[in-house]
Amino acid sequence: MPAFSALQRLVITIAVLASFVTFLDGTVVTVALPAISEELGGGITTQQWVVDAYLITLSALILLAGSLSDAYGRVRIMRIGLIAFGLASIAVAAAPEPLTLILARALQGAAGALLVPSSLALIMATMRGELQARAIGVWTAFTTGAQIAGPLLGGLFVDLLSWRFVFVINVIPIGITLLLLARLQLPDHPRDLRVDWWSGALCALGLGAVVFALIEQPNLGWGSPAIWIPATAGIVLFVWFLIRQKRSRTPLMPLSLFAARNFAWGNLATLFIYAALSLNGFIIGVYLQEGAGLPATAAGLASLPITILMILLSSQAGAWAGKLGPRLFMTVGPLLMAAGALLLLTVSDDFSYWGQVLPSMILLGLGLSLTVAPLTSAVLGAIDENRSGIASAVNNAISRVAGLIVVAMLSTIVGGTLDLDGFHSAALVTAALMAAGGIVSWIGIRKPAASVTPTG
């Protein structure tokens, strides 16, 4: 098995650290939502906005960021994103009321959008074949681990200090990453590419309007002009965005990418799987506190088995998928997670973590470990390295949009209140989405043709 060179190890370290804070901050807030709501005010609607303000800008601008990465250089865009993310994190920590917090979270998402595609593009540019699959496995283990560990860190800060400190702590990994970037000697010449700023605006406004309608609909009803007008406008803007992608010479989301079979089917699987992950993460973090009565740290620890399994198994799963192909892993993994979600139906008023939640977490962790690295490798490996930035951006945008929409629909899914019945309803929806991801993968994913690993 070939070993990573010193340059490749540095690239992987930078890619992991740069993405770590983005994935962490996407989930760290979940377990802190009750504390934020108690301190700053607001109910479930405010909680939804705290999550979705971040996801709206991250989802909408990640496509634009992919083009910026390809046009102006991956290292330069990553450096800008890191500095902006650090400043936005400080603004989140200092927020005195909900509106300021929501706006600062939106700025965080915009900065985070610059980090994920550029970090994965660095891996795609320096590795191919089995090495690339293994590197993506390492990246996946730590970044997905950050998503799962987020609630644990949030819980610790809520119980021991304050939810505000978890955002200030971002400065440490950001500073380390900036120092490592200064050591990276990698050709990163800007290319003569036009960036379609109009498409970025259409995507952001379209998603934002639709999400606003979905979140506020339970409060105002579909008959209210304040709901159906933005919903309609958002759909029109997003359709306009898609039409523009077909006609533009420099599209943010080149529809030609979807001509690659694994890219198209892999992104459809991504839509289902990441919607399920976002829904599951939200309901676990909030219900275990508000419904089961656990302290924030205990609610965060509930997902620790998933983190441990991800760190232990993801790299190996990526290596296996590099040899055997991703199809089997992308089928079995989501089906295991669907079974894990169904086990949450055993949660009752007589709550027991060990008997009702832990078995679910173990199955979810095993399934996620088998799924994520092969999924990422299948999607990005189907696209030429020169377009790896935009390919990574599209895949990440789809995963964020999936989470964005499912959180926006939370009130509808749980029936207005996240009580025990609502928790069970969300578990059923999670299982259905996971199963759909596995079925789609079995139908559409194929083993990629062998490629030559670059030397040097």
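About the criteria used
Counting restarts for each chain: residues are numbered from 1 in the order of the written sequence. For a predicted model such as this one, the threshold for reporting local features is a pLDDT of at least 70, and the threshold for listing and counting side-chain atom pairs is 80 or more; totals across whole chains, interfaces and linings nevertheless cover every residue. The basis for the side-chain values is all heavy atoms of the structure; hydrogens and waters are excluded. Every helix listed is a DSSP run of H or I at least four residues long, and every strand listed is a run of E at least two residues long, numbered separately from the N terminus. Radius of gyration here is computed from C-alpha atoms only, and the compact-globule reference equals 2.2 Å multiplied by the residue count raised to the power 0.38. Any residue under 20% of the maximum accessible area for its type is buried, any over 50% is exposed, and the rest in between are partly exposed; the area is computed with a 1.4 Å probe on protein chains only. For this analysis, residues touch if any pair of their heavy atoms sits within 4.5 Å. Helix span, as expected, comes to 1.5 Å for every residue beyond the first. By salt bridge we mean one thing: a side-chain nitrogen of Lys or Arg within 4 Å of a carboxyl oxygen of Asp or Glu. Only buried Ala, Val, Leu, Ile, Met, Phe, Trp, Tyr and Cys residues count toward a nonpolar core, and they belong to the same one when joined by side-chain atoms within 4.5 Å. Aromatic pairing here means that ring centres of Phe, Tyr or Trp (its six-membered ring) are within 6.5 Å. Orientation follows from the plane angle: under 30 degrees is stacked, over 60 is edge-to-face, and everything else is tilted. A patch consists of residues exposed above 30% relative accessible area that lack any salt bridge, with like charges linked at up to 9 Å and nonpolar side chains (Val, Leu, Ile, Met, Phe, Trp, Tyr) linked at up to 5 Å. Where accessible areas are quoted, they stem from the Shrake-Rupley method and a 1.4 Å probe; at the residue level, only the protein chains shown are allowed to cover. As a rule, the C-alpha atoms of each element are fitted with a line to give its axis, helices using only the stretch in contact, and angles between N-to-C directions run from 0 to 180 degrees. Roughly parallel covers angles under 35 degrees, roughly antiparallel covers those over 145, roughly perpendicular covers 65 to 115, and oblique covers all other angles. Each crossing is labelled by how the near helix is turned from the far one, with a counterclockwise turn of less than a right angle marking it left-handed and a clockwise turn marking it right-handed. Residue polarity is assigned by list, with Asp, Glu, Lys and Arg as charged and Ala, Val, Leu, Ile, Met, Phe, Trp, Tyr, Cys and Pro as nonpolar; anything else, Gly included, falls into the polar class. A positive count includes Lys and Arg, and a negative count includes Asp and Glu. His and the chain ends are not counted in either. Charged side chains are reduced to one point each, which is NZ for Lys, CZ for Arg, CG for Asp and CD for Glu.

Asker: Please clarify how the overall build of the chain should be interpreted in this entry.
Answerer: What the chain contains, in helices and strands, is 18 helices and zero strands. For 456 residues, the compact-globule estimate of 2.2 N^0.38 gives 23 Å, and the chain sits close to it at 20 Å. Along the first, second and third principal axes, the C-alpha atoms of the chain reach 60 × 45 × 45 Å. Put simply, the chain has 456 residues, and 59% of those count as buried. Considering only intrachain contacts with a sequence separation of at least 6, the fraction spanning at least 24 residues in the chain is 85%.

Asker: Can you help me understand helix H3 (residues 74–93) in this one?
Answerer: Residues spaced three or four apart along an α-helix point in a common direction, a consequence of the helix completing one turn every 3.6 residues. With 20 residues, H3 should cover 28 Å at 1.5 Å per step; its first-to-last C-alpha distance of 28 Å lies within 8% of that length. Turning to H3, its buried residues are Arg-74, Val-75, Ile-77, Met-78, Gly-81, Leu-82, Phe-85, Gly-86, Ala-88, Ser-89, Val-92 and Ala-93.

Asker: What's the story with the pattern of salt bridges in this structure? I'm lost.
Answerer: As a working rule, side chains carrying opposite charge can pair if their charged atoms are close by. Applying the stated criterion across every chain, the model contains one salt bridge. Residue Arg-164 pairs with Glu-39 through a salt bridge whose shortest N-O separation is 2.7 Å. Here Glu-39 lies in helix H1 (residues 6–40) and Arg-164 lies in the loop between helix H6 (129–160) and helix H7 (165–168), a separation of 125 residues in the sequence. Overall, Arg-164 belongs to the buried group, its relative accessible area being 17%. For Glu-39, a relative accessible area of 45% translates into the label partly exposed.

Asker: What should I look at first to understand the nonpolar core in this one?
Answerer: General note: in soluble globular proteins, nonpolar side chains tend to be found buried as a group. Core analysis: the largest hydrophobic core is formed by 142 residues, its most contacted members being Ile-123 and Trp-163. Every residue in contact with Trp-163, bar those within four places of it in the chain, is listed here: Ala-32, Ala-35, Ile-36, Glu-39, Leu-40, Val-92, Leu-101, Phe-157 and Val-158.

Asker: Just to check I follow, could you spell out the side chain of Gln-289 for this structure?
Answerer: Mapping Gln-289 onto the fold places it in helix H11 (residues 261–290). Judged by its relative accessible area of 14%, Gln-289 falls in the buried class. Contacts of Gln-289, omitting those with residues within four sequence positions, involve Val-31, Pro-34, Leu-294, Pro-295, Ala-296 and Ala-299.

Asker: Is there a simple way to explain the packing of aromatic side chains in this structure?
Answerer: The description of an aromatic ring pair rests on the distance of the ring centres and on the angle between the ring planes. Following the criterion strictly, the structure yields seven aromatic pairs and no others. Aromatic side chains Trp-49 and Phe-212 sit 6.2 Å apart centroid to centroid with 40° between the ring planes, which places their arrangement in the tilted category. Of this pair, Trp-49 sits in helix H2 (residues 44–72) while Phe-212 is found in helix H9 (residues 197–220), placing the two residues 163 residues apart along the sequence. We classify Phe-212 as partly exposed; its relative accessible area is 29%.

Asker: Got a minute to help me understand a nonpolar patch on the surface in this structure?
Answerer: A cluster of nonpolar residues, Ile-308, Leu-312, Leu-313, Ile-362 and Leu-366, forms a patch on the protein surface that exposes about 400 Å² of accessible area. Sorting the residues of the nonpolar patch by element identifies helix H13 (304–324) and helix H15 (353–381) as the ones contributing at least two each. At three residues, H13 tops the list of elements feeding residues into the nonpolar patch. Relative to the helices and strands, Leu-313 resides in helix H13.

Asker: Sorry if this is basic, but what is going on with the packing of H3 against helix H5 (residues 116–126) here?
Answerer: Packed helices, taken two at a time, are described by the angle their axes make and the gap between the axes. Across the interface, H3 lies against H5 with an axial gap of 9 Å and an inter-helix angle of 155°. Viewed along their axes, H3 and H5 adopt a mutual orientation that is roughly antiparallel. Handedness of the H3/H5 crossing: left-handed. Packed against H3, whose contacting residues are Arg-74, Val-75 and Met-78, the element H5 presents Ser-118, Ser-119, Ala-121, Leu-122 and Ala-125 at the interface. For the contact of H3 with H5, the class distribution of residues is five nonpolar, two polar and one charged.

Asker: In this structure, what is going on with the side chain of Ser-441? I would like to understand it.
Answerer: One can find Ser-441 in helix H18 (residues 420–444). Under the relative-accessibility criterion, Ser-441 is labelled buried at 0%. Dropping the residues within four chain positions of it, Ser-441 is found in contact with Ala-269, Arg-327, Met-330 and Thr-331.

Asker: Please clarify how the packing of H9 against helix H10 (residues 225–247) should be interpreted in this entry.
Answerer: Two numbers describe how H9 lies on H10: the axes approach to 7 Å, and their chain directions differ by 155°. Classified by the angle between their axes, H9 and H10 sit roughly antiparallel to one another. For the crossing formed where H9 meets H10, the hand is left-handed. Its residues assigned to classes, the contact of H9 with H10 shows 19 nonpolar, five polar and two charged.

Asker: How should a negative patch on the surface be read in this particular structure?
Answerer: A grouping of Asp-349, Asp-350, Asp-419 and Asp-421 is seen on the molecular surface, where their side chains present a negatively charged patch. Looking at where Asp-350 falls in the secondary structure, it is placed in the loop between helix H14 (327–343) and H15.

Asker: What should I look at first to understand the environment of Ala-299 in this one?
Answerer: Of note, Ala-299 is situated in helix H12 (residues 296–301). Classification of Ala-299 by relative accessible area gives buried; the value is 1%. Every residue in contact with Ala-299, bar those within four places of it in the chain, is listed here: Val-31, Gly-285, Leu-288, Gln-289 and Leu-294.

Asker: Whenever I open this one, the environment of Phe-282 confuses me. Can you help?
Answerer: Mapping Phe-282 onto the fold places it in helix H11. Spatially, the C-alpha atom of Phe-282 lies 20 Å from that of Ser-369, the residues being 87 residues apart in sequence.

Asker: Even after reading the chapter, I still don't get the environment of Ala-93, so can you show me in this structure?
Answerer: Considering the arrangement of structural elements, one finds Ala-93 in helix H3. Taking the C-alpha atoms as reference points, Ala-93 and Arg-164, separated by 71 residues in sequence, lie 4.5 Å from one another. When sequence neighbours within four positions are dropped, the list of residues in contact with Ala-93 reads Arg-164, Phe-167 and Val-168.

So yeah, pure geometry; function would need other evidence.
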